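Chain residues, written in single-letter form:
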Amino acid sequence: MAYEHFYKYYDLLMNDVNYEDWIQIVNQYFNTDDSLLEVGCGTGTILIQLLEKGFSIDGLDISEEMLTIAKEKISQKKVSSNLFLGDMRELESEKKANYDGVICFLDSINYLETKVDVENTFKGIYHILKPDGIFIFDIHSIHKLLTKMDGYSYNETFNSFTYLWNTFVEVFNDHSILYHELSFFIKKAKNVYVRLDEAHKQTVFNEAFYASILEKYGFKIINILYDFNNSIDKEKCDRILFVSKKCL
Ligand SMILES: C[S@@+](CC[C@H](N)C(=O)[O-])C[C@H]1O[C@@H](n2cnc3c(N)ncnc32)[C@H](O)[C@@H]1O
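Because the structure is predicted, anything quoted here is derived from the model rather than measured.

A. Molecular detail of the site of the ligand. Of all residues adjacent to the ligand, which total 21 residues, the nearest are Tyr10, Gly40, Asp61, Asp87 and Met88. Backbone polar atom of Ile62 to a nitrogen atom of the ligand: 3.2 Å apart, as the coordinates give it. Between the ligand and the protein, one listed contact pairs a nitrogen atom with a side-chain N or O atom of Asp87 at 3.0 Å. Relative to its unbound accessible area of 590 Å², the ligand is 95% covered by the protein chains. Among the residues making up the shell around the ligand, the classes are represented as 11 nonpolar, 5 polar and 5 charged.

If you want it as structure tokens, here you go:
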């Protein structure tokens, strides 16, 4: 199961992420008096930075382990948030029109494996947003998968563990699949390691598909950002961000 072991090392392995880029996006589209939800909040790094900036934001994640880390991190700060264990595909059963904004960052949407999953997620997010509420999410680009992830292998050694991270890509007509194979070698004693394996699967449909589903369920796309700005060659970007508004 995804994040079964990774949750313990996630923050360490993400230490090269420029979280400030994500915070800037939130600053651009929301005010601190808006009520926000981060779907796929993981270990809460973005959520906590937003809480510290005065935003009111709840978190939802399908991984109990990731939420446990988020809760521990929040308890060490002078901030508070409601964290929910839940599935982004099932938000339609939640209370209607509660949030001014929903964010879903760092390719969490790519964990949705089927077109129906994407439809159910967007439909549910529409349901929990207030009228004119904003939904922002990002996806990996196909360019990134093909040029930076296919057959990629990375390893790093820390005092207490070493990890291997291999990625492979399978390309189909209307989507691509990114497979992550992670192995953690945890040091137990001198020359004694325990190996923990974990696999993740992320699906990338083309940009037009996500756009069409947003529109199908009543969102108006107000911006599409390529690597956080619109000035670069969009065919060569790594990440695509959709900013959309709930229209009635
Ligand atoms: C790449 S992490 C991103 C975490 C966080 N947004 C961050 O910025 O570090 C993806 C997160 O999405 C969550 N996730 C995957 N599928 C989900 C689903 N169906 N419903 C809710 N969360 C999900 C995972 O458990 C994981 O915490």
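Continuing now.
B. Looking closely at the sheet that holds strand S3 (residues 83-85). If you trace the 7 strands from one edge of the open sheet to the other, you get S3-S2-S1-S4-S5-S11-S10, paired in mixed fashion. Strands with a single pairing partner mark the edges of an open sheet, and in this sheet they are S3 and strand S10 (219-226). Going from strand to strand, the sheet's axes swing by 15 degrees on average, the running direction of each strand aside. Pairing of strand S2 (residues 56-61) with S3 involves 3 bridges; the strand directions are parallel. Each residue of the ladder has a partner; that of Asp61, found in S3, is Leu85. Sitting on the sheet, helix H3 (residues 45-52) touches strand S1 (35-39), S2, S3 and strand S4 (99-104), and the angle it makes with S2 is about 170 degrees. Most of the contacts of helix H4 (residues 64-75) go to S3, to which it runs at about 165 degrees, and overall it touches S2 and S3.

C. Broad picture of the sheet that holds strand S8 (residues 175-189). Strand order in the open sheet formed by 4 strands is S6-S7-S8-S9, with antiparallel pairing between adjacent strands. Since the sheet does not close on itself, it has two edges, and those belong to strand S6 (152-157) and strand S9 (192-205), each with one partner. Strand-to-strand, the axes of this sheet are offset by a mean angle of 15 degrees, without reference to chain direction. Here 11 bridges tie strand S7 (residues 161-171) to S8, and the two strands are oriented antiparallel to one another. If you follow Val171 over to S8, its bridge partner there is Ser176. Where helix H6 (residues 142-149) meets the sheet, its contacts fall on S6, S7, S8 and S9, and the angle it forms with S7 comes to roughly 125 degrees.

Each value, and the rule that gives it
Residues numbered from 1 in each chain as written. Predicted model: local features only at pLDDT ≥ 70, side-chain atom pairs only at ≥ 80, totals over all residues. Heavy atoms only, no water. Near = heavy atom within 4 Å. Polar contact = N/O pair within 3.5 Å; in protein donor to acceptor, adjacent residues only side chain to side chain. Areas by Shrake-Rupley, 256 points an atom, 1.4 Å probe, with all protein chains shown as cover. Nonpolar A, V, L, I, M, F, W, Y, C, P; charged D, E, K, R; others polar. Pairing = 2+ DSSP bridges. Helix = DSSP H or I, 4+ residues; strand = E, 2+ residues; numbered from the N terminus. Axes fitted to C-alpha atoms, helices over the stretch in contact; angles between N-to-C directions. Contact = heavy atoms within 4.5 Å.

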